[in-house]
Amino acid sequence: MFGNEEFPRIGDYAFLSDCHTGALIAPDGSVEWLCLPRFDSPSVFGALLDRDAGRFRFGPDESVPISRRYLPGTNVLETNWATESGWLVVREALAIGPWHEDHVEHHARGPTDMDARHLLVRHVECIQGEVEIEILCNLMANYGRERAEWQLGDDHRSAETELENVGPSGPLRVRINSDLPIGIDQGAIGGRHWLTEGESCFVSLGWQHDHADFESPETAEEALTEINRCERFWRRWLSRGKFPDHPWRVHLQRSALVLKGLTYVPTGATVAALTTSLPETPGGERNWDYRYTWIRDATFTLWSMHILGFEHEARDFIQFIGDICRKDGTELQIMYGIGGEEDLTESTLDHLHGYGGARPVRIGNAAYNQHQNDVFGALLDSVYIHTKTREHLPAELWSVVTDQVQGAIDVWQNPDQGIWEARGEPKHYVSSKLMCWVALDRGARLARDRGDAALTHKWGEIAEEIKANILERGVSEEGVFRQHYETDALDASNLLIPLVRFLPSTDVRVRNTVLAIERDLTQHGLVLRYIVDETDDGLHGEEGTFSICSFWLASALSEIGEANRARALTERLLSMSGALGLYAEEIDPRSGRQLGNFPQAFTHLALINAVTHVIADERADATEDGREGQSAVFAEIRRGQ
């Protein structure tokens, strides 16, 4: 068990989102993580990181439901409870409804028909017999430092409090509403009520800034209307996607819903994960804040969005990236806040005990000021992918291309911290050189498409120079790509070599590398990032196998023609998700438990890549490219054209 048995397994949490913020709900019906008003704000319910940091429970006394599921095609949670006296069904969602002027957050992207209601709605119906239910809302603002001071409404069915220290927009008013009587006990909202067969009730939590009115439901019927509206939103959104007619389409759809749920709609940014400081090792120190946008995620984000047909989200994301690039030029950070913030200074919350005792608990991320040379390639590959889907490069992105190509030219010969943000001494990481090559290669292709022969030639020559340097210094005597130029250690990031088309998949060095990683960089068949004892990452302790690397291995095995092994690994990985089909950053290879921040965007992006590869292999006889049911863009990018 994780140190303290009171903590649920990471993979057992349910994820709700309104594309402004997200919540994690434990199996017992407690909201144990919610930050207001947006993903990276201080938590108001933080029991995920300390059992005394606030939670919001709604349900019967029993702590274990008989079933939990997402309503199909949605991020709406349904939980069934069977007690000795009756049967309950709880449905809950972070509400999304018709567009209205947003008084909580500024929108940099254009409005759509639907937007966040800044409202968590929880509805319960008694299906059989009678059951006593409990409301317990222990709101602890500012990461558990401040207990809410509630003002109870005259009807004892509502209460309000005001939060400070929530960001630049000023204080935030929070209101709890119910059709049940509630009271205040030692700073917490509570109430109990018996429901009989056919009866329903609700509780909601809403937040607005001072000058805005609340639009909270007043009855159980209105609460259910909010949930039904949210359900329709998610299904309508998912219906825009393109999913193959295959048993694994459910995994692609759930991953798509996770990625949309981790998208901050006001800017188009995608957070790497909902949480901070969930440990990579039980009780360990490898605990990071992932509530930010990493530029390196851009390639897989754009690839996945386009492959699954979500062009609007791809456009918003590339516009977010473009906004940053036009502001920062070649001085690009590896990561930004979801509003484009540059200062992500890291600090520790020493008053929190951490998930299962894993400390420190961190907010902010010191990696933001690291030098990582791969950022230019990730960004330009995403621009290239986006351009291929539109059949032209938007004029406003050309200056971004030239700036980022120049950035790669300036740094490619320098050491850096590498893709895994090692906190040791800078090295000449192969993956960083690889992505600098990607920057020059994609830049040359884009220049060719614009008819600029001079830049096509210039950038193409530099791309060849980088390639020659990697092949001379980045390959061991055994013909395997190394982690960096001073070692023969393996690194899972080199699985990207066939995926970004650095060399043909038939090249013996590619095959050697993929098979060496499969053989020597795995535990119980799952892939490590690197061997901790062979890598100066500036940290102590072990870490679990990285799910993204395992999915990369499946894609790479597919690339080198090992279709059966690719399928077997993917099938195993799909069986190892959390209880509701969600993935954290890592999987403990012995217990199969999810480790690290949750849910993790990068893992779901790699899942989409691997599943698409395996499905393509299965259909290889259907068309010349084996891409039946997939977009022509996929085949074109896959061939490296």
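Residues numbered from 1 in each chain as written. Predicted model: local features only at pLDDT ≥ 70, side-chain atom pairs only at ≥ 80, totals over all residues. Heavy atoms only, no water.

Q: Residues and numbers for the overall build of the chain, please.
A: Within the chain, the secondary structure is distributed over 15 helices and 27 strands. Against the globule reference of 26 Å for 641 residues, the chain gives a C-alpha radius of gyration of 25 Å, in line with a compact fold. Each of the three principal axes of the chain carries a C-alpha extent, and together these read 75 × 50 × 50 Å. Residues counted as buried form 66% of the 641 residues belonging to the chain. Taking as baseline every contact in the chain between residues at least 6 positions apart, the subset at least 24 positions apart corresponds to 67%. (Helix = DSSP H or I, 4+ residues; strand = E, 2+ residues; numbered from the N terminus. Rg over C-alpha atoms; globule rule 2.2 N^0.38 Å. Buried < 20%, exposed > 50% of the residue type's maximum accessible area, 1.4 Å probe, protein only. Contact = heavy atoms within 4.5 Å.)

Q: Before we move on, could you go through the pattern of salt bridges and cite the residues and values that matter?
A: Applying the stated criterion across every chain, the model contains 40 salt bridges. As a salt-bridge pair, Glu 226 and Arg 117 come within 2.3 Å of each other at their nearest N and O atoms. Of this pair, Glu 226 sits in helix 2 (residues 220–239) while Arg 117 sits in strand 9 (residues 114–138), placing them 109 residues apart in sequence. With a relative accessible area of 13%, Arg 117 lands in the buried category. Across the pair Arg 501 and Glu 559 runs a salt bridge, and its minimum N-O distance is 3.2 Å. Linking Arg 501 in the loop between helix 10 (496–499) and helix 11 (508–520) with Glu 559 in helix 12 (residues 547–559), this pair joins segments that are 58 residues apart in sequence. Of the two residues, Arg 501 and Glu 559, both sit in the buried class. (Salt bridge = Lys/Arg side-chain N within 4 Å of Asp/Glu carboxyl O.)

Q: Talk me through the pairing of strand 1 (residues 14–17); I want residue IDs and the actual numbers.
A: In strand 1, alternate side chains face the same way, and those of Ala 14 and Leu 16 on one face and Phe 15 and Ser 17 on the other are all buried. When strand 1 meets strand 2 (residues 22–25), the two strands line up antiparallel, connected through 4 bridges. Following the sheet pairing, Ser 17 is matched in strand 2 by Gly 22. The antiparallel hairpin formed by strand 1 and strand 2 contains 4 residues in its connecting segment, where Cys 19 sits at a positive phi of about 65°. (Pairing = 2+ DSSP bridges.)

Q: Outline the packing of helix 5 (residues 311–328) against helix 6 (residues 375–390), supporting the account with residue identities and numerical values.
A: Where helix 5 meets helix 6, the closest approach of the two axes is 11 Å, and the angle between their N-to-C directions is 140°. On the basis of their axis angle, the class for helix 5 and helix 6 is oblique. For the crossing formed where helix 5 meets helix 6, the hand is left-handed. Here Glu 311, Ala 314, Arg 315, Ile 318, Ile 321 and Cys 325 of helix 5 come into contact with helix 6, specifically with Leu 379, Ser 382, Val 383, His 386 and Thr 389. (Axes fitted to C-alpha atoms, helices over the stretch in contact; angles between N-to-C directions. Parallel < 35°, antiparallel > 145°, perpendicular 65-115°, else oblique. Left-handed = near helix turned anticlockwise from the far one by under 90°.)

Q: Tell me about the nonpolar core, and name the residues and values.
A: Judged by nonpolar contacts, the single largest core of 199 residues is most densely connected at Phe 56, Trp 150, Ile 176, Leu 205, Leu 440 and Trp 552. With 11 residues, helix 8 (residues 430–450) is the largest single contributor of residues to this core. Trp 552 has contacts with Phe 300, Ile 419, Trp 420, Ala 492, Ser 493, Leu 495, Leu 496, Leu 499, Phe 602 and Ala 606, leaving out every residue within four places of it along the chain. (Core = buried A, V, L, I, M, F, W, Y, C linked by side-chain atoms within 4.5 Å.)

Q: Outline the packing of helix 12 against helix 14 (residues 601–618), supporting the account with residue identities and numerical values.
A: At a minimum axis distance of 8 Å, the contact between helix 12 and helix 14 shows a crossing angle of 20°. In this view, helix 12 runs roughly parallel relative to helix 14, as classed from their interaxial angle. In this structure, helix 12 crosses over helix 14, and the sense of that crossing is left-handed. Taken together, the residues of helix 14 that come into contact with helix 12 (itself represented by Ser 547, Ile 548, Phe 551, Trp 552, Ala 554, Ser 555, Ser 558 and Glu 559) are Phe 602, Thr 603, Ala 606, Leu 607, Asn 609, Ala 610, His 613 and Asp 617. Residue classes in the contact of helix 12 with helix 14 are distributed as 8 nonpolar, 6 polar and 2 charged. (Nonpolar A, V, L, I, M, F, W, Y, C, P; charged D, E, K, R; others polar.)

Q: Run through the state of the cysteines, naming residues and quoting values.
A: Counted by the stated rule, this structure contains 0 disulfides. In this model Cys 35 remains outside any disulfide bridge; the closest cysteine sulfur is found in Cys 137, 15 Å from its own. With no disulfide of its own, Cys 436 has Cys 325 as its nearest cysteine by sulfur position, at a separation of 15 Å. (Disulfide = S-S within 2.5 Å.)

Q: I'd like to hear about the side chain of His 613, residue by residue, with values.
A: Tracing the chain through its elements places His 613 in helix 14. Looking at His 613, the relative accessible area reads 2%, which means it is buried. Within the structure, His 613 has its side chain in polar contact with the side chain of Glu 559 (distance 2.8 Å). (Polar contact = N/O pair within 3.5 Å; in protein donor to acceptor, adjacent residues only side chain to side chain.)

Q: Just give me the short version of the confidence of the model for the chain, but keep the residues and values in it.
A: A residue-level look at the chain finds 93% of positions with pLDDT of 70 or above and a mean pLDDT of 90. Here residues 624–641 is modelled with pLDDT under 50, and outside its nearest four sequence neighbours on either side it reaches 38 contacts, counting other chains as well. (pLDDT = per-residue confidence, 0-100.)

Q: Let's hear about helix 9 (residues 453–473): which residues, and what values?
A: Compared with the 30 Å implied by 1.5 Å per residue over 21 residues, the 30 Å span of helix 9 between its first and last C-alpha is a close match. All buried positions along helix 9 are accounted for by Trp 459, Ile 462, Ala 463, Ile 466, Lys 467, Asn 469 and Ile 470. Considered in projection along helix 9, the buried side chains sweep an arc of 160° and stay on one side of the axis. Exposed residues pointing more than 90 degrees away from the buried face of helix 9 are listed as Ala 453, Ala 454, His 457 and Glu 472. (Expected span 1.5 Å × (residues − 1). Arc of directions from axis to C-beta.)

Q: Which residues make up unusual backbone geometry, and what values go with them?
A: A cis amide bond links Leu 36 with the next residue in sequence, Pro 37, at an omega value of 5°. A positive phi angle is found at His 156, which is not glycine, with a value near 60°.

Q: Describe in detail the sheet that holds strand 26 (residues 586–587), supporting the description with residues and values.
A: Taken in spatial order, the 3 strands of this open sheet run 25-26-27, and their pairing is antiparallel. Two strands in the sheet have a free side with no partner beyond their single neighbour: strand 25 (545–546) and strand 27 (594–595). Of the pairings in the sheet, the one linking strand 26 to strand 27 comprises 2 bridges and is antiparallel in character. Across the sheet, Ile 587 pairs through a bridge with Gln 594, a residue of strand 27.

Q: Help me get a handle on the packing of aromatic side chains, residues and values and all.
A: Taken as a whole and judged by the stated rule, the model has 16 aromatic pairs. When the centroid spacing of 5.0 Å and the interplanar angle of 75° are considered together, the rings of Phe 233 and Trp 234 count as edge-to-face. We classify Trp 234 as buried; its relative accessible area is 0%. Here the aromatic cluster, defined as three or more aromatic residues joined through ring pairs, consists of Phe 233, Trp 234, Trp 237, Phe 243 and Phe 310. When the ring centre of Phe 7 is taken as origin, the NZ or CZ atom of Arg 51, which lies over that ring, is 4.6 Å away. Between the NZ or CZ atom of Arg 450 and the centre of the ring of Trp 398, over which it lies, the distance is 4.3 Å. (Phe/Tyr/Trp six-rings, centres within 6.5 Å; stacked < 30°, edge-to-face > 60°. Lys NZ or Arg CZ within 6 Å of the ring centre and 35° of its normal.)

Q: Let's hear about helix 7 (residues 395–411): which residues, and what values?
A: Along its 17 residues, helix 7 runs 26 Å from first to last C-alpha, staying within 8% of the 24 Å computed at 1.5 Å per residue. Taken together, the buried positions of helix 7 are Leu 397, Trp 398, Val 400, Val 401, Gln 404, Val 405, Gly 407, Ala 408, Ile 409 and Val 411. Among the structural elements, helix 5, helix 6, helix 8 and helix 9 are those in contact with the buried residues of helix 7.

Q: Let's hear about the pairing of strand 16 (residues 200–209): which residues, and what values?
A: Burial within strand 16 is extensive, with 9 of its 10 residues counted as buried. Summarising the sheet, strand 9 and strand 16 pair through 7 bridges and their orientation is antiparallel. Opposite Glu 125, over in strand 16, you have Ser 200 as the bridge partner. Relative to strand 16, strand 13 (residues 172–178) runs antiparallel, the two being bridged by 7 bridges. Each residue of the ladder has a partner; that of Ser 178, found in strand 16, is Val 203.

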